[in-house]
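Letter by letter, the chains look like this.
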Amino acid sequence: SAVISQKPSRDICQRGTSLTIQCQVDSQVTMMFWYRQQPGQSLTLIATANQGSEATYESGFVIDKFPISRPNLTFSTLTVSNMSPEDSSIYLCSVDLGGSNTGELFFGEGSRLTVL
Amino acid sequence: RKEVEQDPGPFNVPEGATVAFNCTYSNSASQSFFWYRQDCRKEPKLLMSVYSSGNEDGRFTAQLNRASQYISLLIRDSKLSDSATYLCAVNPRLGGSQGNLIFGKGTKLSVKP
């Protein structure tokens, strides 16, 4: 397993502002994944953050709305830009520690975002 | 048809009961399958990977049926501490990022004394 720390754990934000969520892992990992879990919905992958290259975004998610940084092998940030109430959600970072990309994901505790 | 669908739940069972969850997936090329557990207001945690031959971990048994495209989770001798939401997850990509799991919405289990 791993220790995955996310900050902030929760925040209440005003419409039109931006918030950056930080994710710190206690071991080096090649890929970090950002998921969103909206109320009553399933977890949805936003993007994959690779160290040293641009993040790979899933269908329906764009870099302008969710810019991602990955400065090293233990850290990543996700920014939710120009927020609207529809962005209210839990944002989770995760890593695959199963070896050889097994798909066995470990998640951070999540950042619960409420947009007013 | 949604990519991953689960029993709607909630399941309310007494302690000691056996309960089974099913999950269907739409992509026949899906490669790997998982059950995650999510406690209220917590992050999901991996419960079990699901192997083609089926696998068991204590009171938990996972099965995969590729022909019918479903996976199942069986919990025997339910404990109060088993109360949680159980998420089914499927990796649909051959050779792609293993992090791109498609999750179901989850099935809520409540075990009562």
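Provided above is the structure to which this section pertains.
Right, let's walk through the structure included here. Predicted, not measured: the structure shown is a model, and the values here were computed from it.

**Thoughts on the interface of chain B and chain A**
Between chain B and chain A, the residue contacts involve 20 residues of the former and 23 residues of the latter. At the boundary of chain B with chain A, total buried surface from both sides reaches about 1,700 Å², with 51% on carbon and sulfur atoms. Scanning the region where chain B abuts chain A turns up zero salt bridges. Taken together, the links from chain B to chain A amount to five residue pairs in polar contact (both at pLDDT 80 or more).

**A look at unusual backbone geometry**
For the bond from Lys7 of chain A to Pro8 of chain A, the omega torsion is -5°, close enough to zero to count as cis. Along the chain, the position of Pro8 of chain A falls in the loop between strand S1 (4-7) and strand S2 (10-13). You will see that Asn82 of chain A, though not glycine, has its phi angle at about 45°, which is positive. With respect to the helices and strands, the residue Asn82 of chain A is situated in the loop between strand S8 (75-80) and strand S9 (89-96). With a phi angle near 55°, Gln69 of chain B is a residue other than glycine that sits in the positive phi range. Inspection of the secondary structure assignment puts Gln69 of chain B in the loop between strand S7 (60-65) and strand S8 (70-75).

**Points about the pairing of strand S4 (residues 31-37) of chain A**
All names here are of chain A. Taking burial as the measure, the seven residues of S4 include seven buried ones, the bulk of the element. In the sheet, S4 pairs with strand S5 (residues 43-50) via seven bridges, with the strands oriented antiparallel. Paired with Tyr35 across the two strands is Leu45, which belongs to S5. Where S4 hands over to S5, the hairpin turn is made up of five residues, of which Gly40 adopts a positive phi near 75°. Note: S4 against S9, six bridges, orientation antiparallel. For Phe33, the partnering residue across the bridge sits in S9 and is Ser94.

**Observations regarding the sheet that holds strand S7 (residues 68-72) of chain A**
Pairing between sheet strands relies on hydrogen bonds along the backbone, with the strands arranged either parallel or antiparallel. Residues and elements named next belong to chain A. Pairing in this open sheet of four strands is antiparallel, and the strands run S1-S3-S8-S7 from one edge to the other. Each end of this open sheet is capped by a strand with a single partner; those strands are S1 and S7. Between one strand and the next, the sheet's axes are offset by a mean angle of 15°, whatever the strand orientation.

Thresholds applied
Residues numbered from 1 in each chain as written. Chains lettered and ligands numbered in written order. Predicted model: local features only at pLDDT ≥ 70, side-chain atom pairs only at ≥ 80, totals over all residues. Heavy atoms only, no water. Contact = heavy atoms within 4.5 Å. Buried area = accessible area lost by both parts, 1.4 Å probe. Salt bridge = Lys/Arg side-chain N within 4 Å of Asp/Glu carboxyl O. Polar contact = N/O pair within 3.5 Å; in protein donor to acceptor, adjacent residues only side chain to side chain. Helix = DSSP H or I, 4+ residues; strand = E, 2+ residues; numbered from the N terminus. Buried < 20%, exposed > 50% of the residue type's maximum accessible area, 1.4 Å probe, protein only. Pairing = 2+ DSSP bridges. Axes fitted to C-alpha atoms, helices over the stretch in contact; angles between N-to-C directions.

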